[in-house]
Amino acid sequence: MATITAAMVGELRAKTDAPMMECKKALTEADGDPVKAEELLRVKLGSKASKASSRITAEGVVAAHIAGNVGGLVEINCETDFVTKNDEFIGFSKAVAQLIAEKAPADLDALNALTIEGALTVDAKRAELIGRIGENMTIRRFKYFKTDAKLAAYLHGTSIGVVVEYDGADEQVGKDVAMHIAAMKPVSLSSDQVPADLIAKERSVATLKAAESGKPADIASKMIEGSVQKFLKEVSLFNQTFVKNDKQSVEQMLKSSNTSVKSFSMFIVGEGIEKKQDDFAAEVAAQVAAATKQA
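Rules behind the numbers
- Residues numbered from 1 in each chain as written.
- Predicted model: local features only at pLDDT ≥ 70, side-chain atom pairs only at ≥ 80, totals over all residues.
- Heavy atoms only, no water.
- Pairing = 2+ DSSP bridges.
- Helix = DSSP H or I, 4+ residues; strand = E, 2+ residues; numbered from the N terminus.
- Core = buried A, V, L, I, M, F, W, Y, C linked by side-chain atoms within 4.5 Å.
- Buried < 20%, exposed > 50% of the residue type's maximum accessible area, 1.4 Å probe, protein only.
- Contact = heavy atoms within 4.5 Å.
- pLDDT = per-residue confidence, 0-100.
- Axes fitted to C-alpha atoms, helices over the stretch in contact; angles between N-to-C directions.
- Expected span 1.5 Å × (residues − 1).
- Salt bridge = Lys/Arg side-chain N within 4 Å of Asp/Glu carboxyl O.

To continue, consider the pairing of strand β6 (residues 150-156). Across 7 bridges, β6 lies against strand β7 (residues 160-167) in antiparallel orientation. Paired with Leu 151 across the two strands is Glu 165, which belongs to β7. Between β6 and the antiparallel strand that follows it, β7, lie 3 residues; Gly 157 among them carries a positive phi value of about 60°.

Of all hydrophobic cores here, the largest spans 21 residues; its most connected members are Val 162, Val 164, Val 177, Ile 181, Leu 237, Leu 254 and Val 261. If you list the elements that add at least two residues to this core, you get β7, α7 (171-184), α10 (250-256) and β8 (260-268). The greatest single-element share of this core, amounting to 5 residues, is contributed by α7. Filtering out sequence-adjacent residues up to four positions away, Val 162 remains in contact with Leu 73, Ala 152, Ala 153, Tyr 154, Ala 178, Ile 181, Ala 182, Ser 265 and Met 266. Counting 19 residues, the second-largest nonpolar core is a separate cluster that includes Val 96, Ala 97, Leu 111 and Ile 139.

Okay, the confidence of the model for the protein chain next. Looking at the protein chain as a whole, the pLDDT averages 86, with 84% of positions reaching at least 70. Per-residue pLDDT stays below 50 along residues 46-51; that stretch engages in 5 contacts with residues further than four places along the chain or on separate chains.

Pairing is antiparallel across the open sheet formed by 3 strands, whose spatial order is β1-β2-β5. Every interior strand has two partners, whereas the edge strands, β1 (59-67) and β5 (138-146), have only one. Strand-to-strand twist of the sheet, defined as the mean angle between neighbouring strand axes without regard to direction, takes the value 10°. Direction of pairing for β1 relative to strand β2 (residues 70-78): antiparallel, over a ladder of 9 bridges. Of the residues in β2, the one forming a bridge with Gly 60 is Asn 77. Contacts from helix α4 (residues 87-103) reach β1, β2 and β5, with the element oriented near 145° to β2.

Attention now moves to helix α9 (residues 217-235). Spanning 19 residues, α9 covers 27 Å between terminal C-alpha atoms, matching the ideal 27 Å at 1.5 Å per step. Those residues of α9 hidden inside the fold are in contact with α8 (196-213).

This part is about the pattern of salt bridges. One pass over the full model with this rule turns up 12 salt bridges. Residue Arg 126 is joined to Asp 123 by a salt bridge in which the shortest nitrogen-to-oxygen separation is 3.0 Å. Of this pair, Arg 126 and Asp 123 both sit in helix α6 (residues 122-133), 3 residues apart, which is roughly one turn of the helix. The exposure class assigned to Arg 126 is buried, which follows from its relative accessible area of 18%. Across the pair Lys 244 and Asp 176 runs a salt bridge, and its minimum N-O distance is 3.3 Å. Linking Lys 244 in the loop between α9 and α10 with Asp 176 in helix α7, this pair joins segments that are 68 residues apart in sequence. Connected via shared salt-bridge partners are Glu 75, Arg 140, Arg 141 and Glu 271.

Spelled out as structure tokens, the structure:
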């Protein structure tokens, strides 16, 4: 049987970032073969990843990559805010965004099958990170961009990512619009593009408020319509007040800059995901009850 030295264990740990004792066990099982030991560790990390795969991933990061007229935007989720500050997790997210821009995968399955590091696929790299960090991670969604116009991206930390497709000579305008979108969160470019279900919901709320007011039907009708029109202006990009100049709407700013915005995409981390709510008091009570029952 081969002698397992501290140097061999250290080298394998540096390469895999696995715990020291796990590295020693793998080398022992592989009879000192570092390649086989690494494979054994990947299998173990993968099994650890599968155990974590059922846990809710409502935290995470958004990453973007723009290269000329192509780009990628991705949301990758994890379980806790702590991991969103992990350099490896952030690096993985950035690498995936770049891969999207370069390879234009058709869907999540195609993205997960792409090679990202040596012989590793995106999915295998994700599983490896789960094994090392100990939290479930999922690639939730992504978008590939290709345009004859220009692209600008803005990241608000790692929690909000925006990509804007625009035409204009001043690149700063594109970046300013992306920043504005991250701050004001419009749902469409113009009021006539606001989704019908959102309008119907707002009209329903306005109708209830008008009914509670006790106003005559004609006045109530005007109140409802006024509320809906106000809502449409608040959620459509062109009608919003520009965050860098409250004397201008975004549309006016774009016109003065001879710029047109064709589309935008915004990812907000965890949007729409139901987060687990921990009830500490209930948890303690359950533990006490269990202990009493055993006694």
